Amino acid sequence: MQSKDSIKKLRDIHLSPSFSLSYNEPLHIVKGQGQYLYDADGNQYLDAVNNIQHVGHCHPKIVEAAASQYQKLNTNTRYLDETIVNYAQALTQKLPDGLDVCFFTNSGSESNDLALRLARHFTSSKETIVLDGAYHGHLISLIEISPYKHNGPGGQGAPDYVHAVPMPDPFRGKYRGADAGSAYAQEVKNILDKIHNSGKQVSAFIAESIMGCGGQLIPPADFFSDAFQLVRDAGGLCIADEVQIGFGRMGDHYWGFETQDVTPDIVTLGKSMGNGHPLSAVVTTREIADRFNNGMEYFNSIGGNPVSCAVGQAVLTVIEEEKLQHNALEVGDTLKSLLTKLKQKYAIIGDVRGNGLFLGIELVKDRKTLEPAAAEADHIVNEMKEKWILLSTDGPDHNVIKVKPPMVFSRDNALSLVKSLDNILSFPGSDLE
Ligand SMILES: Cc1ncc(COP(=O)(O)O)c(C=O)c1O
């Protein structure tokens, strides 16, 4: 096996410097199983952050589905193929009535780009409303609509067709308290008025119902239902980016948008959909799909091939067979209540939030000023790694510790995560105490 140093050297020579490595001392992971990762020295790590390996690392049923379909056939969507259509049927059965038509792609970015195309085609407009702090992917079109990137290091700001609503953050955001939802929705109304007054028309409102890179943010009540209504009244489409939050992770609901009591016109999927295999999709209504069908073929060389669809079908099956949505609910609730107890013990924990197995721990230097504690969050994540637990940070100020493990995460895993965190926070002499 190659040494860490030699891998690092090759990486420095042959991989773009724009890639990043996790942790101050990077890990050399060689094996994965369930919710665990193993390094080259045989150490076991509890993976509390990889939401892509949704049903667990190297799940045998996913491996078997891919291998057996690979042995039979791998072509594309230009042939009649039962694996593809049966998967499309199974997937749309999990979505609300009306969201019946699939486009298959290879990444969340590709899905969001295609969703924008559908909306632009349907509305003959490009004006796009986004949430501040949002991330929707790495293509040019998506950097343009992702404040997380275009307002971050190296970014060049938003183009004039992109309009950002302040992050609907009830903890540290512009509006807090009982009326925050309608106050944020009013910001959407202001943007719509601005678009209208400039003689233009809105194309789409795209958002994650629970923001991931925004810091595992649960929006205030009624924000989404009011915003969707306003956008639709103005002739725009609503796109739900479910790339991080779908497939039962929310515990009480299968999809993130269901937690906000809204039904989008277009849903974009990715990440967990293929448990790490590059499978993603856009699902929309017959009307929107038909309008898009203007003579230009939608062809995707790899997207929706029979191997990918066999993998996707196996993911859906394992979620059901192993009752992973229920596990996300039970374990997620236990974890959230234990973390909330830690919040009572340590002032640095300003907020514990999230749904199911998609939780955020926001660290602040002071509970009154809510000044973000980013260096402390980074320190804790590195210390947790020393205790064999993998986490990461996010949010616009990088002060939110993200917990979004494979859905097989157990109650015992939750207990050991909280115990280790408690241990780090209470360490004598620690400035985190
Ligand atoms: C909410 C959201 N949308 C889209 C994407 C882009 O997905 P991909 O990296 O598969 O292109 C991501 C990736 O992190 C994401 O978090």
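Below: a short report on this structure. Bear in mind that the values here come from a model prediction, so they are computed numbers and not experimental data. (Residues numbered from 1 in each chain as written. Predicted model: local features only at pLDDT ≥ 70, side-chain atom pairs only at ≥ 80, totals over all residues. Heavy atoms only, no water.)

Looking at helix H13 (residues 374-386)
Move 1: Over its 13 residues, H13 extends 19 Å from the first C-alpha to the last, a length consistent with the 18 Å expected when each residue adds 1.5 Å.
Move 2: Every buried residue of H13 is listed here: Glu-376, Ala-377, Ile-380, Val-381, Asn-382, Met-384 and Lys-385.
Move 3: The secondary structure elements touched by the buried residues of H13 are strand E3 (44-47), strand E12 (358-363), strand E13 (389-390), strand E14 (392-394), strand E15 (400-403) and helix H14 (411-425). (Helix = DSSP H or I, 4+ residues; strand = E, 2+ residues; numbered from the N terminus. Expected span 1.5 Å × (residues − 1). Buried < 20%, exposed > 50% of the residue type's maximum accessible area, 1.4 Å probe, protein only. Contact = heavy atoms within 4.5 Å.)

Quick notes on helix H2 (residues 60-72)
Move 1: Over its 13 residues, H2 runs 18 Å from end to end, which matches the ideal 18 Å to within 8%, given 1.5 Å per residue.
Move 2: Those residues of H2 that sit buried are Ile-62, Ala-65, Ala-66 and Gln-69. Around the axis of H2, the buried residues are gathered within 90° of arc, so they sit on the same side. Of the exposed residues in H2, those oriented more than 90 degrees away from the buried face are Pro-60 and Gln-71. (Arc of directions from axis to C-beta.)

Notes on the sheet that holds strand E1 (residues 29-33)
Move 1: The strand order E1-E2-E3-E13 describes an open sheet built from four strands, whose pairing is mixed. Two strands bound the open sheet, and with one partner strand each, they are E1 and E13.
Move 2: Pairing geometry for E3 and E13, over two bridges, is parallel. Its bridge partner lying in E13, Leu-46 is registered against Ile-389. (Pairing = 2+ DSSP bridges.)

What to know about the site of the ligand
Move 1: Among the 13 residues in the neighbourhood of the ligand, the closest are listed as Gly-108, Ser-109, Asp-241, Gln-244 and Lys-271.
Move 2: Separating an oxygen atom of the ligand from a side-chain N or O atom of Gln-244 is a distance of 3.0 Å.
Move 3: Lys-271 places a polar side-chain atom, nitrogen or oxygen, 2.8 Å from an oxygen atom of the ligand.
Move 4: When the ligand is considered free in solution it has 390 Å² of accessible area, and contact with the protein chains removes 85% of it.
Move 5: A per-element tally of the shell around the ligand places helix H4 (residues 108-123) first, with three residues.
Move 6: Residues belonging to the shell around the ligand are distributed by class as follows: two nonpolar, eight polar and three charged. (Near = heavy atom within 4 Å. Polar contact = N/O pair within 3.5 Å; in protein donor to acceptor, adjacent residues only side chain to side chain. Areas by Shrake-Rupley, 256 points an atom, 1.4 Å probe, with all protein chains shown as cover. Nonpolar A, V, L, I, M, F, W, Y, C, P; charged D, E, K, R; others polar.)

Concerning the pairing of strand E7 (residues 202-207)
Move 1: Of all six residues in E7, six are buried; the element is thus mostly enclosed.
Move 2: Sheet topology places strand E5 (residues 127-131) next to E7; three bridges connect them, and they run parallel. When the bridges of E7 are listed, Ile-129 appears paired with Phe-205.
Move 3: Note that E7 and strand E8 (residues 237-241) share four bridges and pair parallel. Its bridge partner being in E8, Phe-205 is matched across the sheet by Cys-238.

Notes on the pairing of strand E2 (residues 36-39)
Move 1: For E1 and E2, the ladder comprises four bridges, and the chain directions are antiparallel. In the sheet register, Ile-29 faces E2, and the bridge partner there is Asp-39.
Move 2: The loop that links E2 with its antiparallel partner E3 comprises four residues; one of these, Gly-42, has a positive phi angle of about 85°.

So, the pattern of salt bridges
Move 1: This model, assessed by the stated rule, comprises 19 salt bridges.
Move 2: For the salt bridge of Asp-12 with Lys-8, the shortest nitrogen-to-oxygen distance reads 3.1 Å. On the criterion of helical spacing, the pair formed by Asp-12 and Lys-8 is a turn pair, its members being four residues apart in helix H1 (residues 4-14).
Move 3: The exposure class of Asp-12 is exposed, given its relative accessible area of 51%.
Move 4: Residue Lys-8 is classed as partly exposed on the basis of its relative accessible area, which comes to 36%.
Move 5: Residues joined by salt bridges that share partners form a network here, namely Arg-172, Asp-351, Arg-353, Glu-362 and Asp-397. (Salt bridge = Lys/Arg side-chain N within 4 Å of Asp/Glu carboxyl O.)

Quick look at the packing of aromatic side chains
Move 1: Taken as a whole and judged by the stated rule, the model has 15 aromatic pairs.
Move 2: Measuring from ring centre to ring centre gives 5.3 Å for Tyr-45 and Trp-388, while their planes differ by 65°; the resulting arrangement is edge-to-face. With Tyr-45 in strand E3 and Trp-388 in the loop between H13 and E13, this pair connects stretches of sequence that are 343 residues apart.
Move 3: On the accessibility criterion, Tyr-45 (4% relative accessible area) is buried.
Move 4: Among the residues examined, Trp-388 registers a relative accessible area of 40% and is labelled partly exposed.
Move 5: The interplanar angle of 55° and the centroid separation of 5.8 Å between the aromatic rings of Tyr-135 and Tyr-148 together place this pair among those described as tilted. With a gap of 13 residues between them, Tyr-135 in the loop between E5 and helix H5 (140-144) and Tyr-148 in helix H6 (residues 147-150) connect regions that are remote in the sequence.
Move 6: A residue is classified by how much of its surface remains accessible, and Tyr-135, at 24% relative accessible area, is partly exposed.
Move 7: Judged by relative accessible area, Tyr-148 falls into the partly exposed class, the value being 25%.
Move 8: An aromatic cluster is present here, built from Tyr-175, Tyr-184, Phe-205, Phe-223, Phe-224 and Phe-228 joined pairwise through their rings. (Phe/Tyr/Trp six-rings, centres within 6.5 Å; stacked < 30°, edge-to-face > 60°.)

Some points on unusual backbone geometry
Move 1: Of note in this structure, Cys-58 is not a glycine but carries a positive phi near 50°.
Move 2: Structurally, the position occupied by Cys-58 is in the loop between E3 and H2.
Move 3: Unusually for a residue other than glycine, Gln-216 sits at a positive phi of about 50°.
Move 4: Within the secondary structure, Gln-216 is located in the loop between E7 and helix H8 (223-233).

Regarding the sheet that holds strand E6 (residues 162-165)
Move 1: Taken together, seven strands build an open sheet; the order of strands is E4-E10-E9-E8-E7-E5-E6 and the sheet is mixed. On the outer flanks of this sheet lie strand E4 (101-105) and E6, each paired with one strand and no other. The average undirected angle you get between the axes of adjacent strands in this sheet is 20°.
Move 2: Relative to strand E10 (residues 280-284), strand E9 (residues 266-269) runs antiparallel, the two sharing four bridges. Looking at E10, one finds that Thr-268 is bridged to Val-282.
Move 3: Set on the sheet, helix H7 (residues 180-197) makes contact with E5, E6 and E7; between it and E6 the angle comes to about 160°. (Axes fitted to C-alpha atoms, helices over the stretch in contact; angles between N-to-C directions.)

In short, the description is geometric, and any link to function would need to be established separately.
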